[in-house]
Amino acid sequence: EAAVTQSPRNKVTVTGGNVTLSCRQTNSHNYMYWYRQDTGHGLRLIHYSYGAGNLQIGDVPDGYKATRTTQEDFFLLLELASPSQTSLYFCASSDGGGDTQYFGPGTRLLVL
Amino acid sequence: GQQVQQSPSSLVLQEGENAELQCNFSSTATQLQWFYQSPGGSLVSLLSNPSGTKHTGRLTSTTVTKERRSSLHISSSQTTDSGTYLCAIGASNYQLIWGSGTKLIIKP
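K.L.:
Even after reading the chapter, I still don't get the pairing of strand β2 (residues 10–14) of chain B, so can you show me in this structure?
P.N.:
Along a regular strand, successive side chains alternate from one face of the sheet to the other. All names here are of chain B. Here β2 shows one buried face, formed by L11 and L13, and one open face, formed by S10, V12 and Q14. For β2 and strand β11 (residues 102–107), the ladder comprises 5 bridges, and the chain directions are parallel. Bridge pairing in β11 links S10 to K103.

Next up, the structure:
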């Protein structure tokens, strides 16, 4: 089964702060995704990538940058964090775009 | 755009009872997945079932594509089944469109 890890698991920052969320998958999947989950909204796709150096915009990309440095590593960057970005963030990976997605454990981010 | 609606939003059962969860979607889906989210937040894929019936353990999913609906049946529920069940369909660009989930509480 695919292994997806995320770090940190919890993060507190202040408004205007700089945050980087990391994700690594070890099963050589092509696709990686970043989601946020908020009460009443379910999971919403922020960015995704289908390979190293590739980046695709999701449904809620504003305020987020992402970078896929290798096939294994996908980063989500919040350069000027705002309280509206307080959320539970999930990373996921899949072999193909329509294949089963495997999720990391999530990162809880609190922006004060 | 495509939408996914799940019902009921919450369900409380006694241990041993069967649970029936519904997922309705607004357009034809070539991909449909059921996920379980634990009370602690972790998310795992349960079944991928774009059409027909699939079984795994105590779970049975039935998807009727032309009627744009899927169900997840949990037989002989256990307290450890408590959590949120999410349905997601594949969009034309391979993104997943998510429902808001059914919160299931199994009482001992």
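K.L.:
Where do I start with the layout of surface pockets in this structure?
P.N.:
Unfilled space is identified by rolling a water-sized probe across the atoms. Of the volumes computed, that of the largest pocket is approximately 550 Å³. Residue lining of the largest pocket: 27 residues in total, with Q37, D38 and T39 of chain A together with Q37 and T84 of chain B positioned closest to the centre. At 4 residues, β11 of chain B tops the list of elements feeding residues into the lining of the largest pocket. For the second largest pocket, the calculated volume is near 180 Å³. What lines the second largest pocket is G40, H41, L43, R44, L45 and D59 of chain A together with V4, L96, I97, W98, G99 and S100 of chain B. Listing elements by their share of the lining of the second largest pocket, those giving two or more residues are β5 (42–49) of chain A together with β10 (96–98) of chain B. Here the lining of the second largest pocket is composed, by residue class, of 6 nonpolar, 4 polar and 2 charged.

Conventions used here
Residues numbered from 1 in each chain as written. Chains lettered and ligands numbered in written order. Predicted model: local features only at pLDDT ≥ 70, side-chain atom pairs only at ≥ 80, totals over all residues. Heavy atoms only, no water. Buried < 20%, exposed > 50% of the residue type's maximum accessible area, 1.4 Å probe, protein only. Helix = DSSP H or I, 4+ residues; strand = E, 2+ residues; numbered from the N terminus. Pairing = 2+ DSSP bridges. 1 Å grid on protein atoms, 1.4 Å probe; cavity = no way out; pocket = protein on both sides within 12 Å on 5 of 7 lines; lining within 4 Å. Points joined across faces, edges and corners; volume = space filled by probe spheres on them. Nonpolar A, V, L, I, M, F, W, Y, C, P; charged D, E, K, R; others polar.

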